[in-house]
Each structure stands twice: as structure tokens, then as C-alpha cells.
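# A structural walkthrough
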Amino acid sequence: MDKFVIEGPTPLRGNIAISGSKNAALPLMAAALLADSPTTITNVPKLRDIYTFNNVIRVTGAHVEFDEDNNCLHIDPSHINHLEAPYELVRKMRASFYMLGALLGKFGEAKVSLPGGCAWGPRPVDLHLEGMKTMGMEINLDKGYVLGKANDSLPGGTFTLDPSSVGATVNLLLASVLKAEEFTIKNAAVEPDVVLLAKTLNKMGANIEGVGTDVLTVRGVDKLQGLEVDNAPDRIETGTYMIAAAMHPESELTITNANPVDLGVFPKTFEKTGAQIEINGSEIFVKAPKELSPTSIQTKIYPGFPTDLQAQWATMMTQATGKSIVTDTIYFDRFSYVPELNRLGADLHVDENSVTIKGQTPLEGASVMSTDLRASVSLVLAGMVAEGRSDILRIYHLDRGYEKLEEKLNSVGANIVRTEQEE
Ligand code: EPZ
């Protein structure tokens, strides 16, 4: 297992290019299986989760070729002959559960393992399954697997997501576009990843009305054609590097290949800290303030403050000159990073689904443990402003969601070395 050794503090100055979005690419990969012809997805990041999903898709017999030099994925669904997604792969990555919607939606039959997912709390899929039943699919659970069956044409109906769910919206779109007479999803997720999927499905020949709103009506079509689609830049990576640029008073970064529109309220909230930003098309210039103003946030569904930036924000608030509160209304226990930050000298206290951060606390390097993807990158952010050496253990979590993290940060002045972690 690898670890990062980080020497801090280091100001960050220069340019960082944003990679393609993991969470936008995964639904597009699943959608490719619905087509009768091959699909090419460009701007796909070289991340563990993408490789994992490539292997999940290959189990079905589909051909997947990842042109790594060009970040290009070619998926040919014409040889699918095995309608399963096995536990040993699905447990590695929750989004593999999209195979249920894709295989049921195309072939009317699927055996897909229930997902494992990140460590914080149970992550249910009840909305996925109830929505498919509402549409007319037969869903049974058997020894940790979902066994699904669907006739060629299903009546459809109306299903309300409570709470709104990115994954359930994705899975129900995949399941319905070829199968359902007419199926309406209410309180659908409007995250950019979902909007890109719906737009792409329509380009493939689907009939989805209400794209971009929280009411989606699908009218089933006979077939879908593969296409070439450009994956979105990673909005969470973008927000992460903006936060990195604000944490040391002498930092200034130009973030390129971004899509600022996908950030929702984040830039406006970010400016409340005193950080200066200038947005020009796909470039975001960030200049750190001399002092960070404490700014409390509550996570919300898009376009609200994204839960995937919650840990990074709390980390930045350790350097703000006063108290702030970070509340996660999406995941009530996504605070596994807190004890690790406190080991570095921060002063965070969790109470139910909020963490109170007392700033400003100088951070001292120490050994800390990654626990999940977004908590891990927060420890890297902290290590870059902590005095002295920090060892960040179990960084395989990072490799799931941040392409070339240490290369990108070292190119703008960080001092991060990836080494073997002694057992
Ligand atoms: C997606 O997960 C993202 N993953 C997550 O990013 C992100 O944190 C999350 O959306 C919220 O934005 C991918 O896109 C691959 P949800 P997902 O279904 O779809 C509840 C990362 O760091 N719920 O929108 O699993 C659920 O418990 C990952 O890249 C049900 O109750 O999230 C949660 O409280 C982590 N029943 C809320 O909905 C269900 O059937 C939102 O979850 C499904 C969800």
C-alpha cells in the first residue's frame, strides 16, 4: 500500500488542468450498453473507479478498450451475452450498481450484486429498486444479489424520489429509456452528471422530456445508437483545487479545463471567505486572501453546496480566523476525516450531522489515515499547510477519484512524495 509524505507549508502558484469527471463518466459508460452500436467517450480520467467499471462491463461480454494516452474509452456492446455484475467487482465501487438499469433496460434480465460503497453509514438503493418495480419490472433479492426481469414493454407510471438521489435517477433513466411506455421521475437529481447523461441518451435516440429539471418523463423507444460523447470536467476536483489555492496566504492558482457552471453556488460561497476568483470561460483564477473569513455552509443537492466538497471546506476552515460550522444534509455521518485533522492540530468537534471548526489553528505534520475518497484529499490539503512532515496513509482511496494528484500539486509548488507504506 502506498502513502504520501508531504513537507509543508508550501504556497501553491501556477496552473492546474482539471481532468474528466469520474461521476459523469460512469453513467455514460453504463448508457453505452443500451446501444446497438459502439460508443466513444472522450476526456475519461485514468482512475481506479474507471478501471473497475471497465472490468464490470467486460464481464457481460461487451468489449471495452481504454486508449489511455488519449483518455478515450471505446465500448462495443454488440457481444453482450452474460447479464451479471458480480459481488467481487460491485463491492469495490457502488456505481457498478448502474449495471442493473443498463442490463434490465436493454435485455430485460439482470443479476447484479447489491453495492458496498464508501465506509460512512449504510448507503441504500431502495429508491432504485422501488422505482423499477413502479415501472413494471420484477425485482427480487437473493443472497445479496438483485434478480431483475422486465418484459419488452412496461406500463411505466410515476415515481417520486424521496430524498432526491443521483444514483437512483441514473439507474431509472437507464432502465426506462427502451422499456417504459411512459415513466415520470419526480424530484429527480439535477446534478450536471445526470443532465449530461439525459442529454446523451436523447442524442442516442431516447425520448426524455424535462432534461435539466427535477421532473423527467421518459417515453420508451425501440433502439438507441452509440455515439461519440465528450465527458464533463470534474467539478469536485475543480472545487478541491480552488480550496487548495485559498489555504496558504501566498497561493494563487489558475485552474484550466474547468466548467465553472457545474459548480452551482460554490463560487459565490467561496468568495465569502475573502478568496478572490476570476472566471474566464473554462479558466478559474484563484488568489488566496491574507486572512480567511470563517464561512459556515450546509450541503444541499445541486445547485447547492456539494457534499463531495464538505470535508475539503471544513479543512480550509481550520485556517479561517474564527469559528465556522459545516453541516451535511445529504450524508449525516460523513465526518471520518475529523479525528485525523485533529491529529494535525485542528480543533473540530462533531455534533450529529454538523462539525464546528475553531480557527485559526496552526497545523503540525503527523501521520494520518485516509478513510474515504474526499476525506483523503482533505488530509493532503491539510498536509500542504502543516508545519513539517505529514504521512498520509492508505492513499489508494485518492487514486479512485483524483487523476495525477501529486503531479498536479507538485507542479505548482507542493512537496509530495508517494512511497511504499511500511506494513
Ligand atoms: C453520488 O452518489 C456520487 N457518486 C457521490 O459521490 C455523491 O456524494 C452523491 O451522489 C451525492 O451527491 C457517484 O456519482 C458515483 P445519492 P449516490 O443516491 O448516487 C439516499 C464521490 O465522492 N438514498 O444521490 O450514491 C442516500 O443515502 C461520491 O465521488 C436513499 O435513501 O448518492 C443519500 O442520503 C461519494 N435511497 C442521498 O439519498 C436510495 O435508493 C443521496 O444519495 C439512494 C440514495
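Residues numbered from 1 in each chain as written. Predicted model: local features only at pLDDT ≥ 70, side-chain atom pairs only at ≥ 80, totals over all residues. Heavy atoms only, no water.

## So, the site of the ligand
For the ligand, the set of nearby residues contains 23 residues, the closest of which are Arg-94, Leu-127, Ser-165, Gly-167 and Asp-308. A distance of 2.7 Å is found between an oxygen atom of the ligand and a side-chain nitrogen or oxygen belonging to Ser-165. The contact in question runs from an oxygen atom of the ligand to an N or O atom on the side chain of Tyr-331, over 3.1 Å. Taken by itself the ligand offers 820 Å² of open surface, and the protein chains cover 88% of this. More than half of the atoms of the ligand fall within 2 Å of the grid points belonging to the largest pocket. If you tally residues by element for the shell around the ligand, the top one is helix H5 (residues 126–135), at 3 residues. Tallied by class, the residues present in the shell around the ligand amount to 10 nonpolar, 6 polar and 7 charged. (Near = heavy atom within 4 Å. Polar contact = N/O pair within 3.5 Å; in protein donor to acceptor, adjacent residues only side chain to side chain. Areas by Shrake-Rupley, 256 points an atom, 1.4 Å probe, with all protein chains shown as cover. 1 Å grid on protein atoms, 1.4 Å probe; cavity = no way out; pocket = protein on both sides within 12 Å on 5 of 7 lines; lining within 4 Å. Sits in = over half its atoms within 2 Å of the grid points. Helix = DSSP H or I, 4+ residues; strand = E, 2+ residues; numbered from the N terminus. Nonpolar A, V, L, I, M, F, W, Y, C, P; charged D, E, K, R; others polar.)

## So, the sheet that holds strand E2 (residues 13–17)
Consider a sheet: its strands pair through backbone hydrogen bonds, and that pairing is either parallel or antiparallel. Within the open sheet, the 4 strands sit side by side as E2-E15-E17-E16. Their pairing is mixed. Lying at the two open borders of the sheet, with one neighbouring strand each, are E2 and strand E16 (276–280). Each strand of the sheet is rotated relative to its neighbour by a mean of 15°, with strand direction disregarded. Against the sheet, helix H8 (residues 235–246) touches E2, strand E15 (252–256), E16 and strand E17 (283–287), its axis set at about 165° to E15. (Pairing = 2+ DSSP bridges. Axes fitted to C-alpha atoms, helices over the stretch in contact; angles between N-to-C directions. Contact = heavy atoms within 4.5 Å.)

## What about the layout of surface pockets?
Empty space among the atoms becomes apparent when a probe as large as a water molecule is rolled across them. Its volume calculated, the largest pocket comes out at about 1,300 Å³. As for the largest pocket, its lining consists of 47 residues, of which Arg-94, Arg-123, Val-166, Ile-330 and Tyr-331 are closest to the centre. Elements with a minimum of two residues in the lining of the largest pocket: helix H1 (22–32), H5, helix H6 (166–176), H8 and helix H12 (373–385). (Points joined across faces, edges and corners; volume = space filled by probe spheres on them.)

## Re the sheet that holds strand E4 (residues 63–67)
Judged by pairing direction, the sheet is mixed, and its 4 strands sit side by side in the order E4-E5-E3-E14 without closing on themselves. The sheet is open, and its two borders are formed by E4 and strand E14 (228–230), each paired with just one other strand. Neighbour to neighbour, the strand axes of the sheet diverge by 15° on average, direction disregarded. Relative to E14, strand E3 (residues 39–42) is paired through 3 bridges, and the arrangement is parallel. Looking at E14, one finds that Thr-40 is bridged to Glu-228. Along the sheet, helix H2 (residues 48–59) contacts E4 and strand E5 (72–76); its crossing angle with E4, the most-contacted strand, is approximately 155°.

## Topic: the nonpolar core
Ranked by internal contacts, the top residues of the largest apolar core, which has 78 residues, are Phe-53, Leu-173 and Leu-201. Broken down by element, this core gets its largest block of residues, 8 residues, from H1. Leu-201 has contacts with Ala-31, Leu-34, Leu-173, Val-177, Ala-206, Ile-208 and Leu-224, leaving out every residue within four places of it along the chain. Of all hydrophobic cores here, the second largest spans 65 residues; its members include Val-286, Phe-335, Tyr-337 and Ile-416. (Core = buried A, V, L, I, M, F, W, Y, C linked by side-chain atoms within 4.5 Å. Buried < 20%, exposed > 50% of the residue type's maximum accessible area, 1.4 Å probe, protein only.)

## Some points on the packing of aromatic side chains
Inspection of the entire model under this criterion finds 6 aromatic pairs. On the basis of an interplanar angle of 50° and a centroid distance of 6.3 Å, the ring pair of Phe-335 and Tyr-337 is categorised as tilted. For Phe-335, a relative accessible area of 7% translates into the label buried. Chaining the aromatic ring pairs together yields one cluster made of Phe-266, Phe-270, Phe-305 and Trp-313. Over the face of the ring belonging to Tyr-145 we find Lys-111, whose NZ or CZ atom lies 4.9 Å from the ring centre. (Phe/Tyr/Trp six-rings, centres within 6.5 Å; stacked < 30°, edge-to-face > 60°. Lys NZ or Arg CZ within 6 Å of the ring centre and 35° of its normal.)

## Brief notes about the pattern of salt bridges
In this structure the tally under the stated criterion is 21 salt bridges. Here Lys-106 and Asp-36 are joined by a salt bridge, their closest N and O atoms 3.4 Å apart. Pair noted here: Lys-106 is in helix H4 (residues 98–107) and Asp-36 is in the loop between H1 and E3, with a separation of 70 residues, a long-range link. Between Lys-287 and Glu-252 there is a salt bridge; the shortest N-O distance is 3.2 Å. Taken together, the positions of Lys-287 in strand E17 and Glu-252 in strand E15 put the pair 35 residues apart, joining distant regions of the chain. Accessibility expressed as a relative area gives 22% for Glu-252, which makes it partly exposed. Salt bridges linked by common partners bring Asp-2, Asp-399, Glu-406 and Arg-418 together as one network. (Salt bridge = Lys/Arg side-chain N within 4 Å of Asp/Glu carboxyl O.)

## Re the packing of H1 against H2
Between H1 and H2, the shortest axis-to-axis distance is 10 Å and the interhelical angle comes to 10°. Classified by the angle between their axes, H1 and H2 sit roughly parallel to one another. Between H1 and H2, the contacting residues are Lys-22, Ala-25, Leu-26, Met-29 and Ala-30 on the first element and Asp-49, Ile-50, Phe-53, Asn-54 and Ile-57 on the second. Of the residues belonging to the contact of H1 with H2, the class tally is 7 nonpolar, 1 polar and 2 charged. (Parallel < 35°, antiparallel > 145°, perpendicular 65-115°, else oblique.)

## Quick notes on the side chain of Glu-406
Checked against the element boundaries, Glu-406 lands in helix H13 (residues 405–410). Residue Glu-406 is classed as buried on the basis of its relative accessible area of 12%. Not counting the four nearest positions on each side in its chain, Glu-406 is found in contact with Phe-4, Ile-416 and Arg-418.

## What to know about the packing of H8 against helix H10 (residues 310–317)
Two numbers describe how H8 lies on H10: the axes approach to 10 Å, and their chain directions differ by 5°. Regarding the angle of H8 to H10, the classification is roughly parallel. Touching Ile-236, Thr-240, Ile-243 and Ala-246 of H8 are Gln-312, Trp-313 and Met-316, all from H10. A per-class count over the contact of H8 with H10 returns 5 nonpolar, 2 polar and no charged.

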